[in-house]
Amino acid sequence: MRVALEATLEAEPAGPSAELAAFFEQYKRRAYQFAFQMVGDPDDALELTQEAFLRLHRHWSRRDPSQPAAPWLYAVLRNLAIDLMRRRAVRKQVGAAREPEVDQRVGPEALAVRRQLDAAVRRAIERLPAEQREVLLLKDFHGLSYAEIARVTGTTPTLVSSRLHDARERLRRQLARYL
Amino acid sequence: MRPEEHEELKGMLSAYLDQELTQAAGQRVRIHLEDCPECRETLRQLQGLQRLTAQVEFPDPPEEKMQELERRLSVRAPRGLGWLLVSGGLAAWVVYALFMAMLHWRPPTVEEMLGGAVALGVLLLFVSVLRQRLLEIPHDRYRSVKK
């Protein structure tokens, strides 16, 4: 009987709420970090993350289940961030709000080098034009494919490839001494 | 190799690194890399760059705020169905009340008038909230975001 019940429960497809809960659990950290990378402020990032998930929730039942939901989430976050930045007209520096957490087991010298390197990479990313910065972040930090980035940014995979190439070329030149 | 062909292949290294090239284009880059020390060095630097950028840390979301959001999402789950049932139920009651009033018309008592005033007030409040929600729908630009 118990075996039969367990089999039934396992066979039961996850409902929309369960799906969204699983998606939320999987993407809450990445969503917040992308929002933070876009607006550079922890409070704004939190607000955008909350708003994005609430919007997804509102339209969740109408989404195409054959398509991954992640590009949709990133697209909503990106649009919210752009709206916010337009309203504020100033974008804060990414990472200015908080020092990165570093493994305390490493020595003070290595720690200093690591912090210096970290700051240099952040600055270099900061200096990228917005359209290059967003594709770099979506690719190298969030692991989206070119096709997914194209969906998020409303462009084409070819343009994504070109922007990514330009972004990396700039970074390669600026960070040459660390490479 | 012509300089322009070298530049073209060099420009494909970023997509090569991401494994986003077609099989044929990837094969072209692989063959070119065997003979071009400059492109091999560029590719090495691009790989180093990827490692560098991957090491940059960004803050995690505050856990208590995420739990609060999770609760909000689960509380809102049955809201759509709730709106549908309340709207449908109220509409049916209004139709039924009007039908009965027309069928058995007589002057209403004071109790009926007071009850009717309260019911009408609740109905007006409900309609105004419903109207507000319906007006917001066309302005929600994210409805059209491709899912």
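Overview of the interface of chain A and chain B
Buried accessible area, meaning the area lost when the parts come together, often serves as the stated size of an interface.
No. 1: Counting residues at the interface gives 54 residues for chain A, matched by 40 residues for chain B.
No. 2: Run the count over chain A and chain B and you get 4 salt bridges.
No. 3: Among the salt bridges present, the one from R29 of chain A reaches D60 of chain B, with a minimum N-O distance of 2.4 Å.
No. 4: The interface formed by chain A and chain B includes 14 residue pairs in polar contact (both at pLDDT 80 or more).
No. 5: Of the residues contributing to the side of chain A that touches chain B, the split by class is 22 nonpolar, 12 polar and 20 charged.

Comments concerning unusual backbone geometry
Residues and elements named next belong to chain B.
No. 1: At Q19, a position not held by glycine, the phi torsion is positive, near 55°.
No. 2: Mapped onto the fold, Q19 is located in the loop between α2 (13–17) and α3 (23–35).
No. 3: A relative accessible area of 72% means that Q19 is categorised as exposed.

Some points on the confidence of the model for chain B
All names here are of chain B.
No. 1: The predicted model of chain B averages 84 in pLDDT, with 87% of residues at 70 or higher.
No. 2: Here helix α5 (residues 63–76) stands out as the element of chain B with the lowest mean pLDDT, 78, in contrast to α2, whose mean of 96 is the highest.
No. 3: Model confidence for the complex is summarised by a pTM of 0.69, with the ipTM given as 0.74.

Focus: the packing of aromatic side chains
No. 1: Taken as a whole and assessed by the stated rule, the structure comprises 9 aromatic pairs over all chains.
No. 2: On the basis of an interplanar angle of 45° and a centroid distance of 5.5 Å, the ring pair of F23 of chain A and W60 of chain A is categorised as tilted. Here the residue F23 of chain A occupies a position in helix α2 (residues 16–39), and W60 of chain A occupies one in the loop between α3 (42–59) and α4 (70–88), the gap between them amounting to 37 residues.
No. 3: Take F23 of chain A: its relative accessible area is 8%, and that puts it in the buried class.
No. 4: Overall, the relative accessible area of 5% leaves W60 of chain A in the buried class.
No. 5: An angle of 80° between the planes, with centres 6.0 Å apart, marks the rings of W93 of chain B and Y96 of chain B as edge-to-face.

Some remarks on helix α6 (residues 130–141) of chain A
All names here are of chain A.
No. 1: Here α6 spans 16 Å end to end across 12 residues, near enough to the 16 Å set by a 1.5 Å rise per residue.
No. 2: In terms of residue burial, α6 counts as a mostly covered element, since 9 of its 12 residues are buried.
No. 3: Regarding α6, the residues found buried are Q132, R133, E134, V135, L136, L137, L138, K139 and D140.

Quick look at the packing of helix α5 (residues 108–126) of chain A against helix α4 (residues 37–55) of chain B
Helix packing geometry: the angle between the two helix axes and the distance between the axes.
No. 1: Interhelical geometry of α5 of chain A versus α4 of chain B gives an angle of 100° and a closest axis separation of 9 Å. Of the possible angle classes, the one that applies to α5 of chain A and α4 of chain B is roughly perpendicular. Here α5 of chain A contributes R114, L117, D118, V121 and I125 of chain A to the contact with α4 of chain B, which in turn contributes L52, T53 and Q55 of chain B.
No. 2: Looking at side-chain class alone, the contact of α5 of chain A with α4 of chain B contains 4 nonpolar, 2 polar and 2 charged residues.

Observations regarding the pattern of salt bridges
No. 1: Scanning the entire structure with this criterion turns up 18 salt bridges over all chains.
No. 2: Across the pair D118 of chain A and R122 of chain A runs a salt bridge whose closest N-O atoms are separated by 2.7 Å. Within this pair, D118 of chain A and its partner R122 of chain A are both found in helix α5, separated by 4 residues, close to a single helical turn.
No. 3: Its relative accessible area of 10% is what places R122 of chain A among the buried residues.
No. 4: Three or more residues joined by partner-sharing salt bridges are found here, namely E25 and K28 of chain A together with E63 of chain B.

About the criteria used
Residues numbered from 1 in each chain as written. Chains lettered and ligands numbered in written order. Predicted model: local features only at pLDDT ≥ 70, side-chain atom pairs only at ≥ 80, totals over all residues. Heavy atoms only, no water. Contact = heavy atoms within 4.5 Å. Salt bridge = Lys/Arg side-chain N within 4 Å of Asp/Glu carboxyl O. Polar contact = N/O pair within 3.5 Å; in protein donor to acceptor, adjacent residues only side chain to side chain. Nonpolar A, V, L, I, M, F, W, Y, C, P; charged D, E, K, R; others polar. Helix = DSSP H or I, 4+ residues; strand = E, 2+ residues; numbered from the N terminus. Buried < 20%, exposed > 50% of the residue type's maximum accessible area, 1.4 Å probe, protein only. pLDDT = per-residue confidence, 0-100. Phe/Tyr/Trp six-rings, centres within 6.5 Å; stacked < 30°, edge-to-face > 60°. Expected span 1.5 Å × (residues − 1). Axes fitted to C-alpha atoms, helices over the stretch in contact; angles between N-to-C directions. Parallel < 35°, antiparallel > 145°, perpendicular 65-115°, else oblique.

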